[in-house]
Amino acid sequence: ATSLSRMNVTECLIFHELSQNIIYHVIVAVNGVLCFTGALRVILLWHNYGVRFLVHENTKILFRFYYALNIMYTSIFGFLYLSELIRLRFACFLFDF
C-alpha cells in the first residue's frame, strides 16, 4: 500500500509540473484540434464524394468501412486529448487502473 501511495505522490508532482507548463497545454490543445479537424475533414469528404468513383460493390463497402474507422479513430484521439486538457485544470486528478 505504501508503494502505491508513493507512486501517486510522484505522479502528482509530475502532473503538477505539467499543469504549470504552458507549452504542454499548447501541444495537447493543438493535437486535439488536429484530431477533430481530421475527423471533420473525413466526414466532409465522405459527404461530398462518397464512394461513387469505385466500381465494385465490395470495394465500396470496404471504403465506407475505411471512412468510418478513420472517423472513429480520430474522434477517440481527439477526446483523449480533450480529456487530458480538462484533467490539467484539476489538482492531481489521477486515473488508477
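Because the structure is a prediction, the values reported are computed rather than measured.

Q: Looking at this model, I keep getting lost on the overall build of the chain. Mind explaining?
A: If you tally the helices and strands in the chain, you get three helices and zero strands. Secondary structure elements of the chain occur, N-terminal to C-terminal, as α-α-α. Within the span of the chain, comprising 97 residues, buried residues form 21% of the whole. Summarising the internal contacts of the chain: among those between residues at least 6 apart in sequence, 68% fall at separations of at least 24. A total of about 7600 Å² of accessible surface is found on the chain, and carbon and sulfur atoms cover 71% of it.

Q: I keep staring at helix α2 (residues 22–49) and nothing clicks. Help me out?
A: Spacing of three or four residues puts side chains on the same side of an α-helix, whose turn is 3.6 residues. Given a rise of 1.5 Å per residue, 28 residues ought to cover 40 Å, and the 40 Å separating the end C-alpha atoms of α2 matches this to within 8%. Phi turns positive, to about 60 degrees, at G50, one or two residues after α2.

Q: Please explain the nonpolar core as it appears in this structure.
A: Soluble globular proteins tend to bury their nonpolar side chains together. Membership of the largest hydrophobic core is limited to five residues, which are V42, V51, L54, Y67 and I71. If sequence neighbours within four positions are ignored, V51 has contacts with K60, F63, R64 and Y67.

Q: What is the right way to read the pattern of salt bridges from this model?
A: Note on pairing: side chains with opposite charge can pair once their charged atoms come close. Scanning the entire structure with this criterion turns up one salt bridge. A salt bridge links R87 to E84, with the shortest nitrogen-to-oxygen separation between them at 3.0 Å. With R87 and E84 both in helix α3 (residues 57–87) and three residues apart, this pair spans about one turn of that helix. Judged by its relative accessible area of 14%, R87 falls in the buried class.

Q: Just to check I follow, could you spell out the side chain of E84 for this structure?
A: E84 sits in the buried class, given a relative accessible area of 16%. A distance of 3.0 Å separates the side chain of E84 from the side chain of Y24, its partner in a polar contact. When residues no more than four places from it in sequence are discounted, the contact partners of E84 are F15, Y24 and V28.

Q: Can you walk me through the UniProt feature "transmembrane region" (unreviewed entry) in the chain in this structure?
A: The positions that UniProt labels "transmembrane region" (unreviewed entry) are, in the present scheme, residues 22–44 and 65–82. In residues 22–44, helix accounts for 100% and strand for 0%; the two terminal C-alpha atoms are 33 Å from one another. For residues 65–82, the end-to-end C-alpha separation is 25 Å, with 100% helix and 0% strand making up the annotated structure.

Cut-offs used in this document
- Residues numbered from 1 in each chain as written.
- Predicted model: local features only at pLDDT ≥ 70, side-chain atom pairs only at ≥ 80, totals over all residues.
- Heavy atoms only, no water.
- Helix = DSSP H or I, 4+ residues; strand = E, 2+ residues; numbered from the N terminus.
- Buried < 20%, exposed > 50% of the residue type's maximum accessible area, 1.4 Å probe, protein only.
- Contact = heavy atoms within 4.5 Å.
- Areas by Shrake-Rupley, 256 points an atom, 1.4 Å probe, with all protein chains shown as cover.
- Expected span 1.5 Å × (residues − 1).
- Core = buried A, V, L, I, M, F, W, Y, C linked by side-chain atoms within 4.5 Å.
- Salt bridge = Lys/Arg side-chain N within 4 Å of Asp/Glu carboxyl O.
- Polar contact = N/O pair within 3.5 Å; in protein donor to acceptor, adjacent residues only side chain to side chain.
- UniProt positions renumbered as here; feature names shortened; annotations may be inferred.

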